[in-house]
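# Secondary and tertiary structure notes
So the chains spell out like this:
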Amino acid sequence: MEIDRADGRTPNQLRPLACSRGILNRAHGSANWSQVYGPKAGTKKNENPEKACIEVIWKPKTGQIGKPEKEYEMILKRTLQSICLLTVNPNTTTSVIVQVVNDDGALLPCAINAACAALVDAGIPLKNLAVAICCCLTDSGCVILDPNKLEEQKMKAFVYLVFPNSILSVLPEGSSQVGGEPVEHGIITSVTHGVMSVDDYLHCLQRGRAASAKLSDFLRRNLQSHSPGDLSKAG
């Protein structure tokens with residue numbers, strides 16, 4: 001089933017991708033829409049001192065932080081914790097500060113992609129890179145990718161998906177597989193909003209995984225264009 005989108009895109013078409021790194025002179029690493037300072041000595045209260053700590057601070061474009069932003073902080077923190085090698089720099093804290101400049105839809109996946117690029121820019125050891133995408137379900141049952149703000153508001157449901165990208169890996173041989181399957185076939189984070197059937201979710205998962213290949217390729221090329229050595233830190 002075809003659906004007309006206001007900006008002329010097909011249901012599977014992503015918006016143009018752009019990523020800028022090293023935009024802050026005094027930060028150890030930075031990327032558009034997020035900044036990374038760290039790691040700094042000491043872990044936060046109730047954190048394991050034998051592992052590094054990831055701290056996420058979400059700053060809205062205007063106003064005070066609310067419940068949605070708190071949820072974004074939690075999801076982003078758990079996602080980054082799952083891809084960082086937390087045992088390399090124990091008893092340290094890496095602060096990821098997300099400053100929202102503009103929100104035209106799919107804000108959380110955008111922040112996840114920016115944070116991942118910023119961590120690489122900062123030299124934080126990673127198990128693998130990760131790419132995030134938003135898949136939306138219309139009232140007619142059509143799945144569209146990477147919705148803008150207007151499209152988001154009209155959707156029946158949507159899901160945020162984060163996939164690993166580990167063509168290259170810093171992990172020991174064999175550890176890049178889970179249950180005999182390559183880790184890039186898995187999923188790191190999945191967050192749904194609204195009501196969708198299992199079949200609709202699996203359809204979103206299929207579309208999202210297919211689109212993640214384009215995101216992964218873009219991220220690799222962007223990192224390599226800045227510093228060929230960056231990808232030695234993460235796959």
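On a predicted model such as this, the values are computed, not experimentally measured, just so you know.

With that settled, the discussion passes to the sheet that holds strand β7 (residues 157-165). Spatial ordering of the open sheet is given by β6-β5-β7-β10, a layout of four strands whose pairing is antiparallel. Strands with a single pairing partner mark the edges of an open sheet, and in this sheet they are β6 (143-145) and β10 (189-194). Pairwise comparison of adjacent strand axes, ignoring direction, gives a mean angle of 20° for this sheet. Relative to β6, strand β5 (residues 129-137) runs antiparallel, the two being bridged by three bridges. Following the sheet pairing, cysteine 136 is matched in β6 by isoleucine 144. Sheet contacts for helix α1 (residues 67-83): β5, β7 and β10; angle to β10, the most-contacted strand, approximately 160°.

Confidence along the protein chain averages 82 in pLDDT terms, with 83% of residues attaining 70 or more. Long-range and interchain partners of residues 167-175, a stretch whose pLDDT sits below 50, account for 14 contacts in this model, where long-range means more than four residues apart. Low pLDDT (under 50) marks residues 228-235, which in the prediction has 24 contacts with non-local residues, meaning those over four places away or in another chain.

On to the pattern of salt bridges, then. All told, the structure shown has three salt bridges when counted by the stated rule. Here aspartate 217 ties to arginine 221 by a salt bridge, and the two come within 2.9 Å at their closest N and O atoms. With aspartate 217 and arginine 221 both in helix α4 (residues 198-226) and four residues apart, this pair spans about one turn of that helix.

Cut-offs and rules
- Numbering of residues starts from 1 in every chain and runs along the sequence as written.
- Restriction of local features to residues with pLDDT of at least 70 applies here, the model being predicted, together with a cutoff of 80 or more for giving and counting side-chain atom pairs; totals for whole chains, interfaces and linings are based on all residues.
- Think of the side-chain values as coming from all heavy atoms in the structure, minus any hydrogens and water.
- A pair of strands is labelled paired if DSSP reports no fewer than 2 bridges between them.
- Comment: elements are numbered from the N terminus, with helices defined as DSSP H or I runs of at least four residues and strands as E runs of at least two.
- For every element, the axis is a line fit to its C-alpha atoms; helices are fit only across the contacting stretch, and the angle between N-to-C directions ranges from 0 to 180 degrees.
- Contacts: residue pairs with any heavy atoms within 4.5 Å of one another.
- The score called pLDDT rates the predictor's confidence residue by residue, from a low of 0 to a high of 100.
- The working definition used for a salt bridge is a side-chain nitrogen of Lys or Arg within 4 Å of a carboxyl oxygen of Asp or Glu.

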